[in-house]
Amino acid sequence: MTMNRFIIFVLAVLTLAGCSEKKPTFTVEGSVEGAKDKTLCLFNNALGGAVLIDSVRLDEDGTFRFEAEAPQTPDLYCLNIGNQIIYFGIDSTETVTIRAHYPNMAQRYEVEGSENSEKIRQLALKQQALQQQAIALERNLDLSSSQIADSLQRLVDNYKREVTLDYIFQAPGSIYAYYALFQTLGGYNLFDRQDPKDVRVFAAVATSWDTYYPESDRAKHLHNTAIKGMKDQRQAAALEMRVAETAQKIVTSGLLELELPDVTGRIHTLTELTGKVVLLDFHVFGMKESAARILSLRELYNKYHAQGLEIYQVGMDDNEHFWKQQTDALPWICVYDPSGQSAVRYNVQSLPEFFLIDRSNALYKRSSQMDDVEAEIRNLLK
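Read on for a plain summary of the structure. (Residues numbered from 1 in each chain as written. Predicted model: local features only at pLDDT ≥ 70, side-chain atom pairs only at ≥ 80, totals over all residues. Heavy atoms only, no water.)

1. Things to note about unusual backbone geometry
As a reminder, the rule being used: Secondary structure elements follow DSSP: runs of H or I of four or more residues count as helices, runs of E of two or more count as strands, with numbering from the N terminus. Each residue's exposure class comes from its accessible area (1.4 Å probe, protein chains only) as a fraction of the maximum for that residue type: buried when under 20%, exposed when over 50%, partly exposed otherwise.
Here Tyr102 and Pro103 are connected by a cis peptide whose omega angle stands at 20°. In this structure, Pro103 sits in the loop between β7 (95-101) and β8 (109-112). The linkage connecting Leu351 with the following residue, Pro352, adopts the cis geometry, with an omega of -5°. Position of Pro352 relative to the elements: it lies in the loop between α9 (341-345) and β16 (353-357). With a phi close to 55°, Asn347 is a non-glycine residue in the positive phi region. One can find Asn347 in the loop between α9 and β16. Look at Asn347 and you get partly exposed, because its relative accessible area is 30%. One non-glycine residue, Asn361, lies in the positive phi region at around 70°. A relative accessible area of 9% places Asn361 in the buried class.

2. Comments concerning the sheet that holds strand β5 (residues 75-81)
Selection rule: Pairing between strands is defined by DSSP: at least two bridges between them are needed. For helices, the fitted line uses only the C-alpha atoms of the stretch in contact; every axis is such a line through C-alpha atoms, and the angle between N-to-C directions lies from 0 to 180 degrees. We call two residues in contact whenever any of their non-hydrogen atoms come within 4.5 Å of each other.
Spatially, 4 strands are ordered β3-β2-β5-β6 in an open sheet, and the strand pairing comes out antiparallel. In this open sheet, the two edge strands, each paired with only one partner strand, are β3 (49-57) and β6 (84-90). Averaged over neighbouring strand pairs, the angle between their axes works out to 25° when direction is ignored. In the sheet, strand β2 (residues 39-46) pairs with β5 via 4 bridges, with the strands oriented antiparallel. Among the inter-strand pairings, Leu42 is bridged to a residue of β5, identified as Leu79. In the packing of helix α2 (residues 115-138) onto the sheet, the strands contacted are β5 and β6, and the crossing angle to β6 comes to about 145°.

Following this line, the structure appears as structure tokens:
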């Protein structure tokens, strides 16, 4: 054999050896008692949804053994028969043994060989117990709806406190901490990224995963969730502060100034209407009650405008062209605020909403304080 042929032969052997090298795998094995002829499936619970890895039809003894490619970072998996699901976690190449009893295998099973999977088992059973307690509360005819809500909130708060201290904060970088963070009750996440206390829990887990598994999809998901939660929290705090400031300003000055444009772009303010009785109206022309509302305002305007009534109507429709079409023939001041910030300043909770401002440019009353708006207008015009 010539030297060139020898080199080619060696390279070919090495290439074949490299191709045949097995990737690291993990094993999940065990048995499901009472599940003869049932199909047991192994899924990877990826962020994008469950991915079927393998399945087996169980024999009389219910034994099974799955071998699959090990994840590069900790990940969630599950075994299921129909709606009976057993979740477990895999770090790398371990062997997890699960022994279950059908038909309620999601409640009756044992785990060996994986601390992550045992913790997930404990969390799953706690979650199921919480759900049963919630159902019992809802069915308790001796309790009022408010009592049920209060009791349910206490149950959830106690559950989250226990899970946070005993599981999540014990090992925030674990897959079982991740699993705990996204547990649900009635289809809703138990941990809410808009709750200041829960945001801190998200941040703790996200920080740990950023440190140990920075390139993993789950680390990026946690990071984005935590950042979004902190952003939402800041926005909610800012909104709460604006509402509080608004209430204080209304008390101290009697009126909050608005500076908004009409269809031509001209800015109109409330203070420029000093000397008139002003009906400040927040409105969306796209709502079904709009036509009747505009008709009633026309009647008031036609009857009292000559005596000093003015309407300052804030339109908050998303479609500016539609708003312009709807306000084109209206005789009063129509301004545009699609952001709704003016309504936030006046603590408007629902639409339509209106206020009366007296001739001294002081806020008089809001709609909920008036039984007969026309009588109130006549009183202010005297």
